[in-house]
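What follows is the residue order along each chain.
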Amino acid sequence: MSAYRILLAEDEPAIADTLLYALQREGWQVQHCTLARDTEAALAAEPPQLLILDIGLPDDSGLALLGRLRRHSELPVMLLTARADEVDRVLGLELGADDYVVKPFSPREVVARVRAILKRSQPAAVAAANPGSLFCHEAAARRIRFAGQALALTPSEYRLLATLLARPGQVFSRSQLLDALGEAAEDSFERTIDSHIKTLRAKLRQVRADLDPIVTHRGFGYALEQG
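The notes below deal with the structure included here.

About the cut-offs
- Residues numbered from 1 in each chain as written.
- Predicted model: local features only at pLDDT ≥ 70, side-chain atom pairs only at ≥ 80, totals over all residues.
- Heavy atoms only, no water.
- Pairing = 2+ DSSP bridges.
- Helix = DSSP H or I, 4+ residues; strand = E, 2+ residues; numbered from the N terminus.
- Core = buried A, V, L, I, M, F, W, Y, C linked by side-chain atoms within 4.5 Å.
- Buried < 20%, exposed > 50% of the residue type's maximum accessible area, 1.4 Å probe, protein only.
- Contact = heavy atoms within 4.5 Å.
- Arc of directions from axis to C-beta.
- Expected span 1.5 Å × (residues − 1).
- Salt bridge = Lys/Arg side-chain N within 4 Å of Asp/Glu carboxyl O.
- Axes fitted to C-alpha atoms, helices over the stretch in contact; angles between N-to-C directions.
- Parallel < 35°, antiparallel > 145°, perpendicular 65-115°, else oblique.
- Left-handed = near helix turned anticlockwise from the far one by under 90°.
- Nonpolar A, V, L, I, M, F, W, Y, C, P; charged D, E, K, R; others polar.
- Polar contact = N/O pair within 3.5 Å; in protein donor to acceptor, adjacent residues only side chain to side chain.

A sheet is described by the order of its strands in space; here 3 strands give the open sequence β6-β7-β8, paired in antiparallel fashion. This sheet does not close on itself; its edge strands, each paired only once, are β6 (135-138) and β8 (149-150). Bridging between β6 and strand β7 (residues 143-146) involves 4 bridges; their strand directions are antiparallel. Note on β7: the bridge partner recorded for His137 is Ile144.

Turning our eyes to something else, we now look at the nonpolar core. In this structure, Phe135, Ile144, Leu151, Leu161, Ile193 and Ile214 are the most contacted members of the largest nonpolar core, which totals 24 residues. Listing elements by their share of this core, those giving two or more residues are β7, α6 (155-166), α7 (174-181), α8 (187-207) and β10 (221-224). Top contributing element to this core by residue count: α6, with 6 residues. Residue contacts for Ile214: discarding those within four places in its chain leaves Leu164, Ile197, Leu200, Arg201, Leu204, Tyr222, Ala223 and Leu224.

For α7, the full list of buried residues reads Leu177, Leu178 and Leu181. End-on view of α7: buried residues confined to an arc of 105°, all on one side of the axis.

What follows is about α6. Taking 1.5 Å per residue as the helical rise, α6 with its 12 residues ought to reach 16 Å, and the 16 Å between its terminal C-alpha atoms agrees with that figure. Most of α6 sits inside the fold, with 11 of its 12 residues counted as buried.

Bringing the pattern of salt bridges into the picture now. Applying the stated criterion to the full structure yields 18 salt bridges. A salt bridge links Arg5 to Glu46; the shortest N-O distance between them is 3.9 Å. Highlighted residues: Arg5 in strand β1 (residues 5-9) and Glu46 in the loop between α2 (36-45) and β3 (50-54), separated in sequence by 41 residues. A salt bridge links Asp194 to Arg174, with the nearest nitrogen and oxygen atoms 2.8 Å apart. Note that Asp194 is positioned in helix α8 and Arg174 in helix α7, a separation of 20 residues in sequence. Taken together, the shared-partner salt bridges in this structure form one network comprising Glu10, Glu12, Asp54 and Lys103.

For the rest of this paragraph, the subject is the packing of α6 against α7. α7 packs onto α6 with a crossing angle of 120° between their chain directions and a minimal axis gap of 9 Å. Accordingly, the angle class assigned to the pair α6 and α7 is oblique. Note that α6 runs across α7; the crossing there is right-handed. For the pair α6 and α7, contact is made by Ser156, Arg159, Leu160, Thr163 and Leu164 and by Leu177, Ala180 and Leu181, respectively. The residue makeup of the contact of α6 with α7, split by class, is 5 nonpolar, 2 polar and 1 charged.

Attention shifts here to the side chain of Asp98. Summarising the element assignment, Asp98 is placed in the loop between α4 (86-94) and β5 (99-102). Using a relative accessible area of 3% as the deciding quantity, one classes Asp98 as buried. A distance of 2.8 Å separates the side chain of Asp98 from the side chain of Arg159, its partner in a polar contact.

The following block contains the structure:
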């Protein structure tokens, strides 16, 4: 869809040119930056529908930029990294990245992943609001309130909580929750579900320290209990 705008932050010319060609062939509008400071300026001027962010920008870490972005925005982010180490991947996901691609990569794979992120980030694809007394899910606004207070959630946290809210009391396995994020059910990714649940619980406790509505079912997964 030509309506989609993508911001690409990548300093390697060969990689940037390849991605620009592949993304623009899909009809997407792509703005290209090579520095973190220019990327943040572009985000502030006109937020896109997706940020493709290289971890190794020359003037600042892409992970640091992502951390700053997540303080105020749920914009979908795909990371580009030359680092295949699991720690870097998990850190990026815990900071709120929606996906990552390790260099060298296939442009077709990147396009497919971008298409998946754009599709699942649309409000129409979100589950209906939950009638539970403590939670209010405003699906069109991609916002969830807990005990009357809007939660500051990353896109991944939002989709996980929305999935749990859609069927209170149902136990979801980690692989099912990964499906909600559009990720493959691999061991390393399944462990990131635990990390997302941990941060979700922390945010819920900031609102109501006396409650823990997300219940762990050891050996099975997680469920949300209505309060």
